[in-house]
Amino acid sequence: MLKGRHLIDPMDFTLEEIQEILVLSEEIILNPNDYSDICKGKILANLFYEPSTRTRFSFEAAMLRLGGQVIGFSEAISSSVSKGESIADTIRTVGCYADISAIRHPKEGSSKIASQYSSIPVINAGDGGHQHPTQTLTDLLTIKSIKGNLDNNVIGICGDLKFGRTVHSLIKSMSRYKNNKFVLISPKKLSIPDYISKEVLKKNNIEYLEIEKMDDVIKDLDILYMTRVQKERFFNEDEYLKLKDSYILNKEKMNKAKEDMIVMHPLPRVNEISYEVDEDPRACYFEQAKYGMYARMALIAKLLGVN
Ligand code: CP
């Protein structure tokens, strides 16, 4: 039963519950008119303490397409946070006005804290360099829809694996499906944190390889998940400048990949995928962004118990 629950970490939901959300997402894609007013009279509060394009707009579009309404802020400065209000007091107040809330925050653990004080479901829309579970629902729906299967994939994840919260959530989730293998491609300074490699991959005996060069492995991949170097998480600008262009996916590299490999990216992209790759039918990052809206429609409907 998903009604009334929070989504803070991808592991908060069982595989069966995730499947329920994916199935509903697919039904909404096929028959959007059947769902166009199921959230009539309901309000989503989008509390975005950190910039966003896809997550905020897709949550808004999702609620509007379900017939509900949206309130919120897109920068903390325009709310009483700027006067020193805590996230606990903010969410207690928001619960007086809204039925469900999505929170993006630069500090790890902030949406978890909010959920402990909240009378309404709280969805983690990205907490610092930690987790981004609704991006993962997006990614799972994309993989299921385009590749047809969430099992048996060789998944290359490339870029900033240290600070990239989408990567942490994706690895946690894809590790629960059968026979997935990971190739983790990053500079040493941006390698996957121990809590993912030790607590998720090693503990569950998941096959994985950590390497620095993409060229050596691209031919073996079923999915290539590119990420940008997360400038906003660096303390030192020089360090960011040294690492920011570590990987650039271009036509030449794509020529070495399988014909049915797909390229994903949570976006925004900076330099890590050349624009020439956008023409390649294997590039599916904008489709992925669209799947994000459907996954969030299904999630909102399930947490509100309207479907
Ligand atoms: N993928 C993602 O989280 O994008 P935004 O930062 O634009 O929301």
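Source: prediction; values computed, not measured.

How each quantity is defined
- Residues numbered from 1 in each chain as written.
- Predicted model: local features only at pLDDT ≥ 70, side-chain atom pairs only at ≥ 80, totals over all residues.
- Heavy atoms only, no water.
- Helix = DSSP H or I, 4+ residues; strand = E, 2+ residues; numbered from the N terminus.
- Contact = heavy atoms within 4.5 Å.
- Polar contact = N/O pair within 3.5 Å; in protein donor to acceptor, adjacent residues only side chain to side chain.
- Core = buried A, V, L, I, M, F, W, Y, C linked by side-chain atoms within 4.5 Å.
- Buried < 20%, exposed > 50% of the residue type's maximum accessible area, 1.4 Å probe, protein only.
- Domains from an automatic or database assignment.
- Near = heavy atom within 4 Å.
- Areas by Shrake-Rupley, 256 points an atom, 1.4 Å probe, with all protein chains shown as cover.
- Nonpolar A, V, L, I, M, F, W, Y, C, P; charged D, E, K, R; others polar.
- Axes fitted to C-alpha atoms, helices over the stretch in contact; angles between N-to-C directions.
- Parallel < 35°, antiparallel > 145°, perpendicular 65-115°, else oblique.
- Left-handed = near helix turned anticlockwise from the far one by under 90°.
- UniProt positions renumbered as here; feature names shortened; annotations may be inferred.
- Pairing = 2+ DSSP bridges.

> I tried to follow the environment of lysine 189 on my own but got confused; where do I start?
Tracing the backbone through its elements, the reader meets lysine 189 in the loop between strand 6 (181-185) and helix 7 (194-202). A C-alpha to C-alpha distance of 40 Å links lysine 189 and valine 70, two positions 119 residues apart in sequence. In contact with lysine 189, not counting residues within four places along its chain, are Lys162, Glu239 and Leu243. In this structure the side chain of lysine 189 is engaged in a polar contact, spanning 3.2 Å, whose partner is the side chain of glutamate 239.

> Can you help me understand the nonpolar core in this one?
Nonpolar side chains tend to gather and get buried jointly when the protein is soluble and globular. In this structure, Ile157, Ile171, Met174, Phe182 and Ile300 are the most contacted members of the largest nonpolar core, which totals 57 residues. Here this core gets 11 residues from one element, more than from any other, and that element is helix 10 (residues 285-304). Residues lining this core come from more than one domain, with at least three contributed by each of domain 1 (10-131 + 290-304) and domain 2 (133-289). Aside from chain neighbours lying at most four places away, what touches isoleucine 157 is Val167, Leu170, Ile171, Phe182, Val183, Leu184, Ile185 and Tyr225.

> Looking at this structure, I do not really get the site of the ligand. What am I missing?
Every residue close to the ligand is listed here: Ser52, Thr53, Arg54, Thr55, Arg104, His132, Gln135, Pro266 and Leu267. Contacts to the ligand include arginine 104, whose side-chain N or O atom sits 2.8 Å from an oxygen atom. Here leucine 267 contributes a backbone N or O atom positioned 3.0 Å from a nitrogen atom of the ligand. Within the complex, the protein chains bury 92% of what would otherwise be the 250 Å² of accessible surface of the ligand. A breakdown of the residues in the shell around the ligand according to their chemical character gives 2 nonpolar, 5 polar and 2 charged. Domain assignment of the residues forming the shell around the ligand places at least three in each of domain 1 (10-131 + 290-304) and domain 2 (133-289).

> What's the story with the packing of helix 2 (residues 54-65) against helix 10 in this structure? I'm lost.
Each packed pair of helices is defined by two parameters, the angle between the axes and the distance between the axes. Between helix 2 and helix 10, whose axes approach to 8 Å, the crossing angle comes to 55°. As far as their axial angle goes, helix 10 and helix 2 are oblique. Taken as a pair, helix 2 and helix 10 cross one another with a handedness that is right-handed. Every residue of helix 10 that contacts helix 2 at Arg54, Thr55, Ser58, Phe59, Ala61, Ala62, Met63 and Arg65 is listed here: Ala289, Gly292, Met293, Arg296, Met297, Ile300 and Leu304.

> Just checking my understanding: could you explain the UniProt feature "domain: Aspartate/ornithine carbamoyltransferase carbamoyl-P binding" (unreviewed entry) in the chain for this structure?
Look at the UniProt record and you will see "domain: Aspartate/ornithine carbamoyltransferase carbamoyl-P binding" (unreviewed entry) annotated at residues 5-144. End C-alpha atoms of residues 5-144 are separated by 24 Å, and the span's content is 40% helix alongside 16% strand.

> Could you clarify how one ought to interpret the side chain of histidine 168 in this entry?
In this structure, histidine 168 sits in helix 6 (residues 165-174). On the basis of relative accessible area, histidine 168 is assigned to the buried category, the value being 0%. Excluding residues that lie within four positions of it along the chain, histidine 168 makes contacts with Gly129, His130, Gln131, Leu161, Lys162, Phe163, Ile192, Pro193, Tyr195 and Ile196.

> Just checking my understanding: could you explain the UniProt feature "binding site: carbamoyl phosphate" (unreviewed entry) in the chain for this structure?
With numbering aligned to this structure, UniProt lists the feature "binding site: carbamoyl phosphate" (unreviewed entry) at Arg54, Thr55, Arg104, His132, Gln135, Leu267 and Pro268. Of note, threonine 55 is situated in helix 2. The buried category is assigned to threonine 55, whose relative accessible area is 4%. Only 3.0 Å separates the side chain of threonine 55 from the side chain of arginine 104, close enough to count as a polar contact. Among the structural elements, arginine 104 can be located in strand 3 (residues 100-105). In this structure arginine 104 touches Leu47, Phe48, Tyr49, Glu50, Pro51, Ser52, Thr55, Ala125, Gly126, His132 and Arg165, once residues within four positions along its chain are discounted.

> Looking at this model, I keep getting lost on the sheet that holds strand 8 (residues 223-226). Mind explaining?
One open sheet holds the 5 strands; their spatial order is 7-6-5-8-9, and the pairing between them is parallel. Whereas interior strands pair on both sides, the edge strands pair on one side only; in this sheet they are strand 7 (208-211) and strand 9 (262-264). Going from strand to strand, the sheet's axes swing by 15° on average, the running direction of each strand aside. Sheet strands touched by helix 5 (residues 133-146): strand 8 and strand 9. Its angle to strand 9, the strand with the most contacts, is close to 165°.

> Looking at this structure, I do not really get the sheet that holds strand 2 (residues 69-73). What am I missing?
With parallel pairing, 4 strands are arranged side by side in an open sheet as 2-1-3-4. The sheet is open, and its two borders are formed by strand 2 and strand 4 (122-127), each paired with just one other strand. Taking each pair of neighbouring strands and ignoring which way they run, the sheet shows an average axis angle of 15°. As defined by bridge partners, strand 1 (residues 43-48) adjoins strand 2 across 5 bridges and the pair is classed as parallel. Note that in strand 2 the partner of isoleucine 43 across the bridge is glutamine 69.

> Can you walk me through helix 6 in this structure?
An α-helical turn contains 3.6 residues, so any two residues separated by three or four positions project in the same direction. Here helix 6 lies mainly inside the structure; 10 of its 10 residues are buried. Among the residues of helix 6, those classed as buried are Arg165, Thr166, Val167, His168, Ser169, Leu170, Ile171, Lys172, Ser173 and Met174.

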